[in-house]
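Tertiary structure, described
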Amino acid sequence: MMIWVGILGIIGRLLASWMSDTVGRCYSGFLIGMGGAVAMALAGYWHDVCIGTVSVFFLFIMAQRFFGDASYAIIGSYIAEVWPNRLRASGMGFSYGIGNLGKIIGPLGLALIVGSSDYVSPKVVPSALFPALLFLAFWYAQAALMFLLVGFETKGRSIEEINRTLDTPAGVALDPVRLLAQ
C-alpha cells in the first residue's frame, strides 16, 4: 500500500515543480499547503468510513502525501531564492532549522491532544484521531497562509534581480536606467 503513497509523492513533486514555474511560487505554495490541510482534515473526519473495501482514511492520507511531497519541490527552491547573496547559505540553514522545530512541536502537540503521558511516541486512540489530524492540518494551512501573506513572488526573476531587490534599502526606488548601465 505504501508503494502507491510513494508514487503519488513523486507525481506531486513533478506537478509542483511544473506549477511553481507556471503560476508562481507563492500561489503554488498556497494551493499545495491548503490541499495538504484539507486532505489531512478529511482523513481525520472520515477515518472510519470505507467505500466498499477501500478505506477513505487511506485515500486521504495518499492525497495528503501527494501535497506533502509536492511542498518540498516548492519550498526547497523558494528558500534558496528569497535570501540575498550575502545571507543565502546561513539563511537556508536558518530556514531548515526553523522547519525542524516541527520535529519537536509535532509529536509534543499530538501527545498533548491525545492525552498521552509519552511525549516522544504517543499512542493514538480512534477518538483522538480527528483532533490530532486537525492539529497537523493547521500547520499545513499556516504554511499556505505564509506563502500568500508574507512571501514575495520570485517566478521569472533571476537570482541577481532578486538579490538587487533584497539589497535595496526600504523606501529606495530602483532606477531602471542606472540598473541597465551597471
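A brief look at the structure comes next. (Residues numbered from 1 in each chain as written. Predicted model: local features only at pLDDT ≥ 70, side-chain atom pairs only at ≥ 80, totals over all residues. Heavy atoms only, no water.)

Structural notes on the pattern of salt bridges
Selection criterion: Here a salt bridge means any side-chain nitrogen of Lys or Arg lying within 4 Å of a carboxyl oxygen belonging to Asp or Glu. Numbering goes from the N terminus for both helices and strands, where a helix is a DSSP run of H or I of at least four residues and a strand is a run of E of at least two. To sort residues, take the accessible area from a 1.4 Å probe on protein chains only and compare it with the maximum for the residue type: under 20% means buried, over 50% means exposed, and anything in between is partly exposed.
In total, this model carries 6 salt bridges according to the counting rule given. Here Glu 81 ties to Arg 25 by a salt bridge, and the two come within 2.9 Å at their closest N and O atoms. One end of the pair, Glu 81, is in helix α3 (residues 56-81); the other, Arg 25, is in helix α2 (residues 25-45), with 56 residues separating them in the sequence. Grouping residues by exposure puts Glu 81 and Arg 25 together as buried.

Things to note about the side chain of Gln 64
Using the following cut-off: In this description, contact between two residues means that some pair of their heavy atoms is separated by no more than 4.5 Å.
Structurally, Gln 64 is set in helix α3. Beyond its immediate stretch of four places on either side in the chain, Gln 64 contacts Gly 36, Ala 39, Met 40 and Tyr 140.

A closer look at the side chain of Arg 88
Here is the rule: We score Asp and Glu as negative and Lys and Arg as positive, and we do not count His or the chain ends. N or O atoms closer than or at 3.5 Å make up a polar contact, with two conditions inside protein: a donor-capable atom paired with an acceptor-capable one, and, for residues adjacent in sequence, both atoms drawn from side chains.
Mapped onto the secondary structure, Arg 88 falls in helix α4 (residues 88-99). Of the buried charged residues, Arg 88 lacks a salt bridge, with Glu 160 as the closest side chain of opposite charge at 7.7 Å. A distance of 2.5 Å separates a polar atom in the side chain of Arg 88 from a polar atom in the side chain of Asn 85.

Digging into the packing of aromatic side chains
Quick reminder of the rule: Side-chain rings of Phe, Tyr and Trp, where Trp is taken by its six-membered ring, are said to pair if the distance between their centres is within 6.5 Å; with planes under 30 degrees apart they count as stacked, over 60 as edge-to-face, and otherwise as tilted.
Going through the model one piece at a time under the given rule, you end up with 8 aromatic pairs. Ring geometry for Tyr 78 versus Phe 147: centroids 5.3 Å apart, planes at 50°, classification tilted. Of this pair, Tyr 78 sits in helix α3 while Phe 147 is found in helix α6 (residues 126-149), placing the two residues 69 residues apart along the sequence. The burial state of Tyr 78 is the same as that of Phe 147; both residues are buried. Both rings, one in Phe 135 and one in Trp 139, keep their centres 6.2 Å apart while their planes meet at 85°; by these two values the pair is edge-to-face.

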